[in-house]
Amino acid sequence: MRAVVFERYGQHPEVRNVADPEPKARGAVVRVQATGLCRSDWHGWMGHDPDITLPHVPGHELAGVVETVGAAVTRWRPGDRVTVPFVCACGGCAACAAGDGQVCERQTQPGFTHWGSFAEYVALEQADVNLVAVPEDLSFGTAAALGCRFATAFRAVVAQGRVAAGEWVAVHGCGGVGLSAVMIAAASGARVVAVDVSPRTLELARRFGAAECVDARAVADPAAAVRDLTGGGAHLSLDALGSPATCAASVNGLRRRGRHVQVGLLPSESGTTPVPMARVIGWELEILGSHGMAAHAYPRMLELVRAGVLRPDLLVTSTIPLAAAPEALATMGTAPGAGVTVIEPWS
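Residues numbered from 1 in each chain as written. Predicted model: local features only at pLDDT ≥ 70, side-chain atom pairs only at ≥ 80, totals over all residues. Heavy atoms only, no water.

In the contact formed by helix α4 (residues 140–160) and helix α5 (residues 176–187), the axes pass within 8 Å of each other and the chain directions differ by 50 degrees. One finds that α4 runs oblique with respect to α5. Crossing handedness for the pair α4 and α5: right-handed. Taken together, the residues of α5 that come into contact with α4 (itself represented by R149, F150, A153, F154, V157 and V158) are G176, V177, S180, A181, M183, I184 and A185. Partitioned by chemical class, the residues of the contact of α4 with α5 number ten nonpolar, two polar and one charged. (Axes fitted to C-alpha atoms, helices over the stretch in contact; angles between N-to-C directions. Helix = DSSP H or I, 4+ residues; strand = E, 2+ residues; numbered from the N terminus. Parallel < 35°, antiparallel > 145°, perpendicular 65-115°, else oblique. Left-handed = near helix turned anticlockwise from the far one by under 90°. Contact = heavy atoms within 4.5 Å. Nonpolar A, V, L, I, M, F, W, Y, C, P; charged D, E, K, R; others polar.)

What follows is the structure in structure tokens.
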């Protein structure tokens, strides 16, 4: 098969021919019809993830058709249309037993713990636990956008953030996760403030339901701008980018007893990112993490997508062939683009 491969962190990837994957006994091989280009893939390529072994094939947001299944798989067969969470659960640990597969103790992640979906085929583990059926009326491009960014945003806003109608929600960083969070919060009846440095991205945020937009380059203090626009601060705020600046702004833009959800990764040389804890203590703020969404939680989200309440298809702003993926991945750090880019490996 053809796949995007890099030999060293930060070294320009290339498309090359590699061996087709084989399914494990409880796993499956999926013919990839669409796979999202995500900032997490860029973090992996840069060497920010310790689970990656070189050489490596990135890619973790995918949708496609089951090609083959292992001998112990009972729920799936070749030809099934599927997607998968980026966190593949083991199905047997204490976290999985509690329904928290997104923090599985023995999780695997395509594109991180093993070769991913920037390829014509990808092997996935524990198929009966992790595969999610894709309805016939949902395109593969839209389904691919669900697996990481949209599902992550859905759980971050709805489950972890406990969004309520009428609340103010601030979203710091409006890439794929952030725009998804804007759309989901607005559809939940919240009033959304979108914060970003890109005018084009803020235009998309307004299109997807943001009531207010803050250009972080044009204000001295984005957190103060959020507090002014919301009459004292957001009830719920998300750092959807993952930087010390956006994390601090998200926390400092909250009102008393507000809720901060950290969604964007926060890699640092020391392994620890400063958080304004004096504000957290004095204002009794909640600090929450959010790490994807387990496969069993997808039906509620898919119902809202099929009903047209949520429109992840509108987030897909670019579709590229596999040959264009290496350059797109390498430039994400300096030119991430707006919306979601989807790779079609067979085009």
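Alright, that's what it looks like, and here's the rest.
Once that is clear, we can look at the nonpolar core. The tendency in soluble globular proteins is for nonpolar side chains to be buried side by side. By size, the foremost hydrophobic cluster in this structure holds 52 residues, and its most contacted members are F150, V171, L238 and M301. Secondary-structure elements contributing two or more residues to this core are α4, β8 (168–172), α5, β9 (191–196), α6 (199–207), β11 (234–239), α10 (298–306) and β15 (340–344). Among the elements that line this core, the one with the most residues is α4, at twelve residues. When neighbours within four sequence positions are excluded, M301 is seen to be in contact with L146, F150, A151, F154 and M293. Of all hydrophobic cores here, the second largest spans 22 residues; its members include V4, W45, V57 and A123. (Core = buried A, V, L, I, M, F, W, Y, C linked by side-chain atoms within 4.5 Å. Buried < 20%, exposed > 50% of the residue type's maximum accessible area, 1.4 Å probe, protein only.)

Quick look at the pairing of β9 now. Side chains on a regular strand alternate between the two faces of the sheet. The element β9 is extensively covered by neighbouring structure, given that five of its six residues are classed as buried. Across five bridges, the pairing between β8 and β9 is parallel. Note that in β9 the partner of V169 across the bridge is V192. With four bridges connecting them, β9 and strand β10 (residues 212–215) associate as parallel partners. When the bridges of β10 are listed, A194 appears paired with C213. Assessed by its sense of winding, the connection that carries the chain from β9 through α6 to β10 is right-handed. (Pairing = 2+ DSSP bridges. Right-handed = clockwise from strand over helix to strand, strands pointing away.)

For the structure on display, the rule yields twelve salt bridges. Ionic pairing is found between K24 and E125, a salt bridge with its closest N-O pair at 3.2 Å. Here K24, found in the loop between β2 (14–17) and β3 (28–37), pairs with E125, found in the loop between β6 (121–124) and α3 (127–130); they are 101 residues apart in sequence, far enough to count as distant. Judged by relative accessible area, E125 falls into the partly exposed class, the value being 23%. R257 is the partner of E284 in a salt bridge, and the nearest nitrogen-oxygen pair spans 3.1 Å. Of the two residues, E284 sits in the loop between α9 (277–282) and β13 (286–289) while R257 sits in strand β12 (residues 254–262), which places them 27 residues apart along the sequence. Classification of E284 as partly exposed rests on a relative accessible area of 48%. Of the residues examined, R257 reaches a relative accessible area of 60% and is grouped as exposed. (Salt bridge = Lys/Arg side-chain N within 4 Å of Asp/Glu carboxyl O.)

The quantities given are spatial measurements derived from coordinates; they are silent on function.
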